[in-house]
Amino acid sequence: MRHIRNLLLAFFITLFSVFSFLPVHAGSDVYVEDTYGELSEEEVEELNSYAKEISDKYKFGIYARLLYDEDSYDDINSYIEDYYTREDLGYGESHDGILFLITQSSRGGSYDIYIPGNSNQSYFTIDGLEDIQSNAETYLYDHDYYSSIHSFLSECDD
């Protein structure tokens, strides 16, 4: 009986130690999502893999969303903040992360980049964020969503 108890104890200690070294994600492991339907499945998988790699590298969630959204909202800044919280995005318990949100509907579209105020923002300078946004929006003018999101991810990695 003592031998079984020791084996169970060793098993749980091993199990606990394995899980304690895994990265702790507070929210979604879906880093790139397209509900608008402009990206192919392969493009989404490639971008999602790249975003996950960057997120794990810096322990900082890097997210991009291309959403079909007929909901009306007055302010993209409030909308993106609510979306980030509602979707439980971010890395770790502090929900560190950045979100590039593009919304499209029959009435047009909008986009913004958001970092929560309580997030570790030391990775980004104001000039760096302006560069990220400027490079990403260059492709949005041509509705090249793949290149826009890839540029966003690449700039975040830099």
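The structure under discussion appears in the preceding block.
Residues numbered from 1 in each chain as written. Predicted model: local features only at pLDDT ≥ 70, side-chain atom pairs only at ≥ 80, totals over all residues. Heavy atoms only, no water.

Visitor: Can you walk me through the environment of Ser110 in this structure?
Guide: Mapped onto the fold, Ser110 is located in strand β4 (residues 108–114). Here Ser110 falls in the partly exposed class, since its relative accessible area comes to 23%. Along the chain, Ser110 and Ile76 lie 34 residues apart, while their C-alpha atoms are 7.3 Å from each other. (Helix = DSSP H or I, 4+ residues; strand = E, 2+ residues; numbered from the N terminus. Buried < 20%, exposed > 50% of the residue type's maximum accessible area, 1.4 Å probe, protein only.)

Visitor: Explanation requested: the side chain of Asp112 in the structure shown.
Guide: Note on placement: Asp112 falls in strand β4. Among buried charged residues, Asp112 stands out as having no salt bridge; its nearest opposite-charge side chain is Arg86, 14 Å away. Among all residues touching Asp112, those that are not within four sequence positions of it are Ile76, Asn77, Ile80, Leu99, Phe100 and Leu101. (Lys, Arg positive; Asp, Glu negative; His and termini not counted. Salt bridge = Lys/Arg side-chain N within 4 Å of Asp/Glu carboxyl O. Contact = heavy atoms within 4.5 Å.)

Visitor: I keep staring at the sheet that holds strand β3 (residues 97–105) and nothing clicks. Help me out?
Guide: Sheet strands pair by backbone hydrogen bonding; their relative direction is either parallel or antiparallel. Spatially, β1-β2-β3-β4 is the arrangement adopted by the four strands of the open sheet, whose pairing is mixed. One side of each edge strand has no neighbouring strand; the edge strands of this open sheet are β1 (32–34) and β4. On average, each strand axis in the sheet is tilted by 5 degrees relative to the strand beside it, whichever way the strands run. Relative to β3, strand β2 (residues 61–68) runs parallel, the two being bridged by eight bridges. Directly across from Leu66, in β3, lies its bridge partner Ile102. Across the face of the sheet, helix α2 (residues 41–58) comes into contact with β1 and β2 while running at roughly 155 degrees to β1. Docked against the sheet, helix α4 (residues 126–140) engages β3 and β4, running at close to 155 degrees with respect to β4. (Pairing = 2+ DSSP bridges. Axes fitted to C-alpha atoms, helices over the stretch in contact; angles between N-to-C directions.)

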